[in-house]
Amino acid sequence: MDDRGSLVVIENGDGINFDIQRIYFLSQFTGGQSRGFHAHRDLKQLLICLKGRCEVTCDNGTQRETAVLDNPTHGLVIGPMIWREMHNFSQDCVLLAVASQKYDEGDYIRDYKMFIKEAKNAEQ
Ligand code: TYD
């Protein structure tokens, strides 16, 4: 931050434990929508709420925790095999996602029962 405003940098190797392959953002929330409801088998992600606020619930198969994202200088890293749900987006929310892989539908687990089964198998 200086008298011209704020500059926030995301750089490979600095605070994130993966190489960046893809960036996308979610915006234009008209109210009431939730998103996510999936896990990734391999993908790692960094989520940063650039504007507004939202809540991200992370579930590792045994525990669920909810984080409020409302600060563009803070990020939430989500590793593989974490079920995530995003709720309570403010209408002005802009949620940036920085990802370790290109889009691959095969990496998604979109069924919660399947996620629990795969998470239990991975533990053994
Ligand atoms: P999805 O990851 O399910 O969104 P969210 O978790 O935010 O609810 O993606 C929504 C749709 O967009 C789905 O059909 C896949 C598509 N999509 C892409 O084509 N490329 C991408 O990089 C992403 C993230 C999604």
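Reading the values: rules and limits
- Residues numbered from 1 in each chain as written.
- Predicted model: local features only at pLDDT ≥ 70, side-chain atom pairs only at ≥ 80, totals over all residues.
- Heavy atoms only, no water.
- Near = heavy atom within 4 Å.
- Polar contact = N/O pair within 3.5 Å; in protein donor to acceptor, adjacent residues only side chain to side chain.
- Areas by Shrake-Rupley, 256 points an atom, 1.4 Å probe, with all protein chains shown as cover.
- Helix = DSSP H or I, 4+ residues; strand = E, 2+ residues; numbered from the N terminus.
- Nonpolar A, V, L, I, M, F, W, Y, C, P; charged D, E, K, R; others polar.
- Salt bridge = Lys/Arg side-chain N within 4 Å of Asp/Glu carboxyl O.
- Buried < 20%, exposed > 50% of the residue type's maximum accessible area, 1.4 Å probe, protein only.
- Core = buried A, V, L, I, M, F, W, Y, C linked by side-chain atoms within 4.5 Å.
- Contact = heavy atoms within 4.5 Å.

Q: Explain the site of the ligand to me, and be specific about the residues and the numbers.
A: Taken together, Arg22, Tyr24, Leu26, Arg35, Gly36, His38, Tyr103, Tyr108 and Arg110 form the complete shell of residues around the ligand. Interatomic distance of 2.4 Å between a side-chain N/O atom of Arg22 and an oxygen atom of the ligand. Contacts to the ligand include Arg35, whose side-chain N or O atom sits 2.8 Å from an oxygen atom. Taken by itself the ligand offers 530 Å² of open surface, and the protein chains cover 62% of this. Of all the secondary-structure elements, those providing two or more residues to the shell around the ligand are strand S1 (22-26) and strand S2 (35-40). Here the shell around the ligand is built from residues that sort into four nonpolar, two polar and three charged.

Q: If you had to explain the pattern of salt bridges to someone new, which residues and values would you point to?
A: Summed over all chains, the structure comprises six salt bridges. Note that Asp59 is salt-bridged to Arg64, the shortest N-O span being 2.8 Å. By relative accessible area, Arg64 is classed as partly exposed at 45%.

Q: Any details on the nonpolar core? Residues and values, ideally.
A: Core analysis: the largest hydrophobic core is formed by 16 residues, its most contacted members being Val56, Leu69 and Leu95. Where this core is concerned, the elements lending two or more residues are strand S3 (45-51), strand S4 (54-59), strand S6 (76-78) and strand S8 (94-99). It is S4 that provides the largest number of residues to this core, a total of three residues. Setting aside residues no more than four positions away along its own chain, Leu69 makes contact with Leu47, Cys49, Gly52, Arg53, Cys54, Val56, Leu76 and Leu95. Counting residues in hydrophobic clusters, the runner-up holds seven residues, among them Ala39, Met81, Trp83 and Phe115.

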